[in-house]
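Descriptive structure summary
Spelled out from the first residue to the last, the chains are:
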Amino acid sequence: MAKSMRPGTYVGHGAGFGESYEVEVVVDSDSIRSIRLLRRVPEADHPSPLLEAATATLSDEIVAEQSLAVDVVSGASISSRGLLEAVADAVQQAGADSEDFARPVARAVQEEAPRPRLGSPRLPERWDLACDVVVVGSGFAALAAAHHAAELGARTMIIEKMPMIGGNSLINGGQYASYTSSIAGELQRKLHLEPDTADRHIHDTLVGGDNLGNPRLVRNFVYGSPFYLDILLENGLKVLQSLTRPGGHYGYRTYTTEHGVGADIVQIQKGLCEKAGVEFLVDTKMTQIYREEAGEGRVVGIRVATKEGTKTIAAAKALVLATGGFSANVAMRSRQVPFLTADLPTTNQPGATGEGISMAEEIGANTTQMDQIQLYPFADPNTGVLDRYAVIPFSGPSSGVVYVDVNGHRYVNEGERRDVCAKAAQNSAGFPTFCIFNQTIVDKGGFIAPDQLADGIRLERIFKADSLGALADLINRRAYKDQAVHVPGGTLAQTIAIHNGYVRERTDPDFRKVIDEQMMTMDDGPYYAIPQWPSVHHTMGGLTITEKTEVLDIWENVIPGLLAAGEVTGGVHGTNRLGSNAVADCCVHGYIAGQLAATSTIPDFVPK
Ligand code: ADP
């Protein structure tokens, strides 16, 4: 409908918050030409920049759109309504209809300028090598990713800077947490254990990390864990006839591999990779990630250093980072936690230096929870190494092993999380501490392999004696990092006797340990002791990933073509990783990354 107004200048009135406005409006026969705020009533003795800004915005929009149905100015909504009312009043005086200027207009949202993307200023003009999926690292996560990508038809390559395959995973304790498996029923019947559930495993994991883990990533690995364990078992993995409940777990869900080392798993995974045709390049160190600056900003390949010089490798489908953590990088870890100086040893292999994280940051990746760094409480006090004997104190709490300090006293609830046990050891009566157990625990616990025990005794990593007094003598005969100890045999015997009483009564008034019927008393010899001390073990923080293992940039956008799995990622375990969850986390997220890289799909083991 054509508007018909009397051309001229009109003064309209409108009400604001505790004030009203007089607005001068100039119109011609069919349009509003200009708007000006004449005055506020009552007159204010100070200007109102907000009111002036609102008037300017509204008058521009009304004149441009020839509509009074424009959005109010945010932060000045009451004044805006008053101004609009005043303009409406003026145009009505000019003879306009209420319908004339009623066309709704939404204010256009200001487009943010795109953020600069951290791409590579120069991409290789030609590539030395090329394949579909490049996996960097060769631990549990890398091997799971590479195997699955290759079996799904992707040409896949593993890049490892060390001379051998396996990373930290080789020297890991071979403990795998899984709430069920193809052999769980049989083991539970044999060991008189209640079946475990996924919900309990998820709950223990989240609580064990002070609820700072990402529940989606936790659900991934808990539900994927039995699935991947069955793949390993079907392909020849042998496990001990035991299910344990290490610190922080309240369900019997931890499997121990035949020799109590991660190498048992790595060997199976490596065989699967070989069968699927994965190509291995060792002594080959990733030194740069290439990401396009243009287009979708895709990661397109890497640069590596080899004995023959540098090379470039194109990744047509995806780059999977599985480069592990940074426990062996003193500068990087002490930047996060100043207390983690060079004085503290690490359980990690020397390649755990974290540059995969820095290289991903260089092309825009985000990190999370980088200062969450775990000490393993039971490493060899002389070397800081987590050898196959150092796994025994970890697996033993549900069977009834006892930790004592240099005075022969208990110093912690043995069923506690690693962070609690490590802190308690550091605050105990001295250096080091000891894990005590006896033959009954060896025989019935099922988590100690016969050759593991025999080798430990032969190497004097494990002490064996017929009585607790004689055991204390053996302990005291050795020095630990050149420091002598004097564990009183009588006190040690008394501590074990008191603990036996607690186990019988199923209550621990000293440390409130959860004692169930699996726990054994130590009534007879032979008795055993293993010295133990905290050592830097696991970096829970790392690259931020989605539940599909896609790496996110600092603006929460997925970086196309870049996936990550295993210890290089952050946010799965929160403040504290429960022992035996790492292998499952690495394997499952590696498997997801391999599938996503090869087929752009994800496995369906997590219920919706
Ligand atoms: P996870 O347990 O997460 O699978 P591991 O620590 O077992 O991780 O393995 C990570 C592997 O990645 C190690 O073998 C390590 O040597 C390797 N690695 C780390 N950084 C690089 C790099 N820049 N280039 C190639 N390999 C790397």
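Relevant structure appears above.
Every value quoted in this text rests on a predicted model; they were computed, and no experiment measured them. (Residues numbered from 1 in each chain as written. Predicted model: local features only at pLDDT ≥ 70, side-chain atom pairs only at ≥ 80, totals over all residues. Heavy atoms only, no water.)

Taken together, 26 residues form the shell around the ligand, and within it E160, S169, M286, E355 and E567 come nearest. Separating an oxygen atom of the ligand from a backbone N or O atom of F140 is a distance of 3.2 Å. A distance of 3.2 Å separates an oxygen atom of the ligand from a polar atom in the backbone of N168. For the ligand, the protein covers 98% of the area, taking 580 Å² as the surface of the free molecule. In this structure the site holding the ligand corresponds to the largest cavity. (Near = heavy atom within 4 Å. Polar contact = N/O pair within 3.5 Å; in protein donor to acceptor, adjacent residues only side chain to side chain. Areas by Shrake-Rupley, 256 points an atom, 1.4 Å probe, with all protein chains shown as cover. 1 Å grid on protein atoms, 1.4 Å probe; cavity = no way out; pocket = protein on both sides within 12 Å on 5 of 7 lines; lining within 4 Å. Sits in = over half its atoms within 2 Å of the grid points.)

Here we take up the environment of A318. Here A318 lies in strand β11 (residues 309–321). A relative accessible area of 3% places A318 in the buried class. For A318 and V588, which are 270 residues apart along the polypeptide, the C-alpha to C-alpha distance reads 18 Å. If near-sequence neighbours (up to four positions away) are discounted, A318 is found in contact with D132, V133, V134, G561, L563 and A597. (Helix = DSSP H or I, 4+ residues; strand = E, 2+ residues; numbered from the N terminus. Buried < 20%, exposed > 50% of the residue type's maximum accessible area, 1.4 Å probe, protein only. Contact = heavy atoms within 4.5 Å.)

Considering the arrangement of structural elements, one finds S120 in the loop between α2 (77–93) and β4 (129–136). When near neighbours in sequence (up to four residues on either side) are disregarded, S120 contacts Q288, I289, Y290, R291, E293 and I363.

All right, on to the environment of Q369 then. Along the polypeptide, Q369 turns up in the loop between β12 (367–368) and β13 (373–379). For Q369 and M162, which are 207 residues apart along the polypeptide, the C-alpha to C-alpha distance reads 27 Å. Setting aside chain neighbours within four positions, we find Q369 in contact with L212, M540, G541, G571 and G574.

Across all of its chains, the model carries 4 cavities of 30 Å³ or more by this definition. What lines the largest cavity is a set of 42 residues, among which G167, N168, T323, G324 and G325 lie closest to the centre. Those elements that place two or more of their residues in the lining of the largest cavity are α3 (140–151), α4 (167–171), β9 (285–291), α10 (355–362), β17 (527–539) and α17 (581–599). Looking at the lining of the largest cavity element by element, the count peaks at 4 residues for α4. Taken together, the residues that form the lining of the largest cavity break down as 14 nonpolar, 22 polar and 6 charged. Looking at the second largest cavity, its volume works out to about 120 Å³. In terms of lining residues, the second largest cavity is bounded by 14 residues, among which N172, G173, Q175, R418 and H537 are the most central. Of the residues in the lining of the second largest cavity, the class split is 6 nonpolar, 6 polar and 2 charged. (Points joined across faces, edges and corners; volume = space filled by probe spheres on them. Nonpolar A, V, L, I, M, F, W, Y, C, P; charged D, E, K, R; others polar.)

Between its first and last C-alpha, α2 extends 24 Å over 17 residues, near the 24 Å set by a 1.5 Å rise per residue. Here α2 has its buried residues at S79, S80, G82, L83, L84, A86, V87, A90 and V91. Check the buried side of α2 and you find it contacts β1 (8–15), β2 (20–27), β3 (32–41) and α1 (49–65). Downstream of α2 by one or two residues, G95 has phi in the positive range, about 100°. (Expected span 1.5 Å × (residues − 1).)

Now for the nonpolar core. Ranked by size, the top nonpolar core spans 99 residues in total, and within it V134, Y176, I289, I302, L319 and L321 carry the most contacts. Among the elements that line this core, the one with the most residues is α17, at 11 residues. L319 has contacts with V134, V136, I289, V299, I302, G561, L562 and L563, leaving out every residue within four places of it along the chain. (Core = buried A, V, L, I, M, F, W, Y, C linked by side-chain atoms within 4.5 Å.)

Our focus in this paragraph is the pattern of salt bridges. For the structure on display, the rule yields 32 salt bridges. In this structure, the salt-bridge partner of D523 is R504, at a minimum N-O distance of 2.8 Å. One end of the pair, D523, is in the loop between α16 (489–505) and β17; the other, R504, is in helix α16, and 19 residues separate them in sequence. A cluster of three or more residues bridged by salt bridges with shared partners is formed by D196, R200, D204 and R253. (Salt bridge = Lys/Arg side-chain N within 4 Å of Asp/Glu carboxyl O.)

Counting buried positions over the 8 residues of β4 gives 6, a clear majority of the element. Bridge count for β4 against β11 is 7 bridges, and the pairing is parallel. Within β11, the position partnered with L129 by the bridge is I313. Judged from the 4 bridges that link them, β4 and strand β5 (residues 156–159) form a sheet pairing that is parallel. Of the residues in β5, the one forming a bridge with V135 is I158. Considered for its hand, the β-α-β crossover made up of β4, α3 and β5 is right-handed. (Pairing = 2+ DSSP bridges. Right-handed = clockwise from strand over helix to strand, strands pointing away.)

With that settled, the discussion passes to the state of the cysteines. The tally for this structure, following the rule as stated, stands at 0 disulfides. There is no disulfide at C131, and the cysteine sulfur nearest it, in C273, is 13 Å away. Left without a disulfide partner, C273 is nearest to the cysteine sulfur of C587, which lies 11 Å away. (Disulfide = S-S within 2.5 Å.)

Strand order across the open sheet formed by 3 strands is β1-β2-β3, with antiparallel pairing between neighbours. On the outer flanks of this sheet lie β1 and β3, each paired with one strand and no other. Across this sheet, the average inter-strand angle for adjacent strands is 25°, counted without regard to direction. By the bridge criterion, 8 bridges tie β2 to β3 in an arrangement that is antiparallel. Across the sheet, Y21 pairs through a bridge with R40, a residue of β3. (Axes fitted to C-alpha atoms, helices over the stretch in contact; angles between N-to-C directions.)

Two measures describe an aromatic ring pair: the distance that separates the ring centres and the angle between the ring planes. Per the counting criterion, the structure on display carries 12 aromatic pairs. Between F434 and Y480 the ring centres are 5.5 Å apart and the planes differ by 75°, which places this aromatic pair in the edge-to-face class. Within this pair, whereas F434 is found in strand β15 (residues 433–438), its partner Y480 is found in the loop between α15 (468–477) and α16, the two being separated by 46 residues in sequence. By relative accessible area, Y480 is classed as buried at 1%. Aromatic side chains Y591 and F605 sit 6.4 Å apart centroid to centroid with 40° between the ring planes, which places their arrangement in the tilted category. With Y591 in helix α17 and F605 in the segment after α17, this residue pair connects regions lying 14 residues apart in the sequence. Comparing Y591 with F605 shows no difference in burial state: the two are buried. Joined through ring pairs, the aromatic side chains of F227, Y228, Y591 and F605 make up one cluster. Cation over ring: R418 sits above F394, and NZ or CZ is 4.5 Å from the ring centre. (Phe/Tyr/Trp six-rings, centres within 6.5 Å; stacked < 30°, edge-to-face > 60°. Lys NZ or Arg CZ within 6 Å of the ring centre and 35° of its normal.)

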